[in-house]
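# Structure assessment
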Amino acid sequence: MEDNSSQPGSVKENSDQNSEGNSLNKDDSSLETIVRKFQDTVSLGKKHKFWETQPVGQFKDAGDTSLPEGPIEPPTPLSEVKQEPYNLPSQYEWTTCDMDSEETCNEVYNLLKNNYVEDDENMFRFNYSKEFLRWALRPPGFYHSWHIGVRAKTSKKLVAFITGVPARIRVRDEVVKMAEINFLCVHKKLRTKRLAPVMIKEVTRRVHLENIWQAAYTAGVILPTPITTCQYWHRSLNPKKLIDVGFSRLGARMTMNRTIKLFKLPDSPATPGFRKMELCDVPAVTRLLRNYLSQFVVAPDFDESDVEHWLLPTEDVVDSYLVESPETHEITDFCSFYTLPSSILGNQNYSSLKAAYSYYNVSTKTPLLQLMNDTLIVAKLKNFDVFNALDVMHNESVLKELKFGPGDGQLHYYLYNYRMQSALKPSELGLVLL
């Protein structure tokens, strides 16, 4: 189990984090193409040595319909799960990171801020806030033991990190208890130490101790074997800044003034009854969301406690809005996005790019195009520079009309110890991982 998120800039994403992966052009995301590219690299001696030992879909089995869909390996009796942590190189030791502790949260924040995912040109690096990390890592029923750090024994400095949180994910008609694996980060100076595979094995061991045998994760690189590959799209909210920092470029025959005018948005949302979500809306939003997500092949199985945690607005972490019919007071539509800034590296005028990421959106009475446009308006009013979205669920149907452009960043979705007979289209995926 591993995470290596993609930096979705208009520049290419990073293939860092000690992963063994092959980059992919954005037009080449079919499973057949992935398999062909992998087979082409095998002759060059580039095998996924670690992943070939794991219960994940293997490239050699792609397209083999005789293999059943579902768990690849059965659960092991808990008494047979390894009770002791895996061995680290002698100068390092395991630590459990208590995200309730301000000191530990600061350490995790600084490790990620300085060493997590960058784009290929080293212009941008994810900068998850401490509030975001606490939100992401403490959902209902979370396990402290799944927040795993590695310290240098002598200095006690935190040098690596990996996490899991529990989730219920529906695959077709089967609701499966899973771990969502995220934030795999190794200090830049230790990337040759092969810490990542040991960390992946250790988080897997701790997940197994809770009698959970499947996981979901994403990566910006190709590993065996994606269940789907999604494309990042970007909508400029502050085009001048985005061009100034190199995130985007001035189009051919376009002036800065014309570009600013092109991306200008109205001053307020257009939909009557469009308002911020409140605690009292949780039951209605849960019903709306569950009904909407039921149409996708892979999607979370949210209950009210999940919706309250993941979607109730939290300043600078997650924003959620809904449409309440002025006549009937029925909650008919819902939209949300989370806040994930990036540090801007080596720019004298700007240090941070404020990015909104599309989360879950449900359109029943309000057209999705109008609902998403209202979402862009509130994001602009909150001073976001760019709005990012994946082409999952029904997003792709409105992105071009809303003036989103395709980026170079891609995100590959994976399931651990769960085989799918065929790859999904992004529009069949109802799951957004942070």
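Described in the following lines is the structure provided in the data block. None of these values were measured; they are calculated from a predicted model.

### Thoughts on the packing of helix H7 (residues 282-293) against helix H8 (residues 304-311)
A pair of packed helices is captured by two measures, namely the crossing angle of their axes and the spacing between those axes. At a minimum axis separation of 9 Å, H7 and H8 run at an interaxial angle of 100 degrees. The angle between H7 and H8 falls in the class roughly perpendicular. Touching Val-282, Pro-283, Val-285, Thr-286 and Leu-289 of H7 are Glu-304, Val-307, Glu-308 and Leu-311, all from H8. Tallied by class, the residues present in the contact of H7 with H8 amount to 6 nonpolar, 1 polar and 2 charged.

### A look at the pairing of strand E11 (residues 331-339)
The side chains of a regular strand alternate, first on one face of the sheet and then on the other. Burial analysis of E11 places 9 of its 9 residues in the buried class, which makes it a mostly covered element. As judged from the 7 bridges shared by strand E10 (residues 318-324) and E11, these two strands associate in the antiparallel manner. By the bridge assignment for E11, Glu-324 is matched with Ile-331. Following E10, the chain reverses through 6 residues before pairing antiparallel with E11; His-329 in that reversal takes a positive phi of roughly 60 degrees. Judged from the 3 bridges that link them, E11 and strand E14 (residues 355-358) form a sheet pairing that is antiparallel. Residue pairing in the sheet places Phe-337 in a bridge with Ser-358 of E14.

### Focus: the packing of aromatic side chains
Counting across every chain of the model gives 25 aromatic pairs. With centroids separated by 6.3 Å and ring planes inclined at 85 degrees, the aromatic side chains of Tyr-232 and Tyr-357 adopt a geometry described as edge-to-face. Of this pair, Tyr-232 sits in strand E7 (residues 228-236) while Tyr-357 is found in strand E14, placing the two residues 125 residues apart along the sequence. When sorted by exposure, Tyr-232 lands in the same class as Tyr-357, which is buried. Here the guanidinium or amino end of Lys-82 rests over the ring plane of Tyr-86, the centre of that ring lying 5.1 Å away.

Reading the values: the criteria
Residues numbered from 1 in each chain as written. Predicted model: local features only at pLDDT ≥ 70, side-chain atom pairs only at ≥ 80, totals over all residues. Heavy atoms only, no water. Axes fitted to C-alpha atoms, helices over the stretch in contact; angles between N-to-C directions. Helix = DSSP H or I, 4+ residues; strand = E, 2+ residues; numbered from the N terminus. Parallel < 35°, antiparallel > 145°, perpendicular 65-115°, else oblique. Contact = heavy atoms within 4.5 Å. Nonpolar A, V, L, I, M, F, W, Y, C, P; charged D, E, K, R; others polar. Buried < 20%, exposed > 50% of the residue type's maximum accessible area, 1.4 Å probe, protein only. Pairing = 2+ DSSP bridges. Phe/Tyr/Trp six-rings, centres within 6.5 Å; stacked < 30°, edge-to-face > 60°. Lys NZ or Arg CZ within 6 Å of the ring centre and 35° of its normal.

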